[in-house]
Amino acid sequence: MQLSTYLDPALELGPRNVLLFLQDQLSIEDFTAYGGVFGNKQDSAFSNLENALDLAPSSLVLPAVDWYAVSTLTTYLQEKLGASPLHVDLATLRELKLNASFPALLLIRLPYTASSGLMAPREVLTGNDEVIGQVLSTLKSEDIPYTAALTAVRPSRVARDIAMIAGGLGRQLLQKQVPLPVTHPPVSYNDTAPRILFWAQTFSVEYRGHLEDLTSRTFQSQELNLTGSFWNDSLARLSLTYNGLFDAMVTFRFILANHFYPVSARNWFTMERLEIHSNGSIVTFNTSQVTGPSIYSFHCEYVSSNSNMGNLLVPRTQPSLWHITLQHFQIQAFNVTGDQFSYASDCAGFFSPGIWMGLLTSLFMLFIFTYGLHMILSLKTMDRFDDHKGPAIALTQIV
């Protein structure tokens, strides 16, 4: 239903000749890896596709489409256009006589698949792009208006499960796989569909030295109060209200914003702040480091106001009577599909302690090598020698 709301305007107002390019595997990350996005446009594997998007009066990019929605796409187009799908290739396309006044649904199965082991992924995608360019050139030469769509049966890159990543990136040979512990489901705020997902392995709050664990009251309770939550395309607010917490009614508000940045040509979300409402007062924590692309969720091992745990929650008023710790925190407020998180943008830095130790050790060894080489090059041979047949060399001490 959500996919149809995006496609209905194009099919109702646009040309009635529809081209559906379908290939086996494709993901949005393929355009980043092989699209020449770092200035090397001559190396792009999507030159014809990019040219078609530039020349099109309008275009739409959906970064993630559910597999079931893709499987029903042909049936949806057939019902919308009132025309049966026609499988064509370049040869049959040149022989067809399309009419702009009569709808037509042309299904073009791209001949190359990303699962081929005989070709590199770049060559596969370049071959697909050439087929797209030839098809569009044929229709352009016949001056036939069209609406084109490119999608895939399944993604080429599947995100790994967060629980598996948290347990380690690998396992030893012949090691038995330890069954994953049963975890609680995430908190989900819905209006007409799931909008905000929030999860943490543990959720603990400390106020004036008194510690409370809210994990079970948050993720295992059917009566969690989400009053005050709000969502639209640019702003999201998740409100969690607890009665009798520290002898008061306390509300935690996670406020996130979604912005488009022209430099990266994509939307990024930022959790602007975390508010605690209690007894008529508001305590605010800055959370600007909780950020990522809008098509992803955000995950971090610790989101806490404790400096020993990364200090991602920074109180605006210090010292603060409130301390919050969220272990294995994950949140997503935009582009949510169902009750599952998208691929997670993790807060872990690139330079781990092991990498830093290796760099420092290498720099120290390089310093020793440079110093030793400098000492060797500074050695000078003797230019005066004592001759036993002649007078002895006299060294005069000058005071």
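Here is a short report on the structure shown in this document.

Scoring rules and cut-offs
Residues numbered from 1 in each chain as written. Predicted model: local features only at pLDDT ≥ 70, side-chain atom pairs only at ≥ 80, totals over all residues. Heavy atoms only, no water. Helix = DSSP H or I, 4+ residues; strand = E, 2+ residues; numbered from the N terminus. Buried < 20%, exposed > 50% of the residue type's maximum accessible area, 1.4 Å probe, protein only. Patch = residues over 30% accessible without salt bridge, like charges linked within 9 Å, V, L, I, M, F, W, Y side chains within 5 Å. Areas by Shrake-Rupley, 256 points an atom, 1.4 Å probe, with all protein chains shown as cover. Salt bridge = Lys/Arg side-chain N within 4 Å of Asp/Glu carboxyl O. Contact = heavy atoms within 4.5 Å. Pairing = 2+ DSSP bridges. Axes fitted to C-alpha atoms, helices over the stretch in contact; angles between N-to-C directions.

Now for unusual backbone geometry. Here the amide bond leading from Gln-318 into Pro-319 is cis, since omega sits at -5°, within 30 degrees of zero. With respect to the element layout, Pro-319 can be found in the loop between β16 (314-315) and β17 (322-332). In this structure, Arg-208 is a non-glycine residue whose phi angle is positive, near 55°. Summarising the element assignment, Arg-208 is placed in the loop between β7 (202-207) and β8 (210-213). According to the relative accessible area criterion, Arg-208 is exposed, its value standing at 55%.

What follows covers a nonpolar patch on the surface. Together, Leu-360, Leu-363, Leu-366, Phe-369, Leu-373 and Leu-377 make up a nonpolar patch on the protein surface, roughly 670 Å² of accessible area in all. Tracing the chain through its elements places Leu-360 in helix α10 (residues 353-377). Among the residues examined, Leu-360 registers a relative accessible area of 54% and is labelled exposed.

Before going further, it helps to examine the environment of Thr-215. By secondary structure assignment, the location of Thr-215 is in helix α9 (residues 215-219). Of the residues examined, Thr-215 reaches a relative accessible area of 8% and is grouped as buried. When the C-alpha atoms of Thr-215 and Phe-203 are compared, they prove to be 4.9 Å apart, with 12 residues separating the residues in sequence. With near-sequence residues (within four places) excluded, Thr-215 lies in contact with His-184, Gln-201, Thr-202, Phe-203 and Gln-220.

Glancing now at the sheet that holds strand β2 (residues 85-87). Backbone hydrogen bonds hold the strands of a sheet together, and the pairing may be parallel or antiparallel. The 4 strands lie next to each other as β2-β3-β1-β4, forming an open sheet whose pairing is parallel. Looking at strand neighbours, the two that pair on one side only are β2 and β4 (147-154), the edges of this open sheet. Taking the axes of each pair of neighbouring strands and ignoring which way they run, one obtains an average angle of 30° across the sheet. Sheet topology places β2 next to strand β3 (residues 104-109); 3 bridges connect them, and they run parallel. Pairing of Pro-85 across the sheet is with Leu-105, part of β3. The strands touched by helix α7 (residues 121-141) within the sheet are β1 (17-25), β3 and β4, with β1 carrying the most contacts at an inclination of about 170°.

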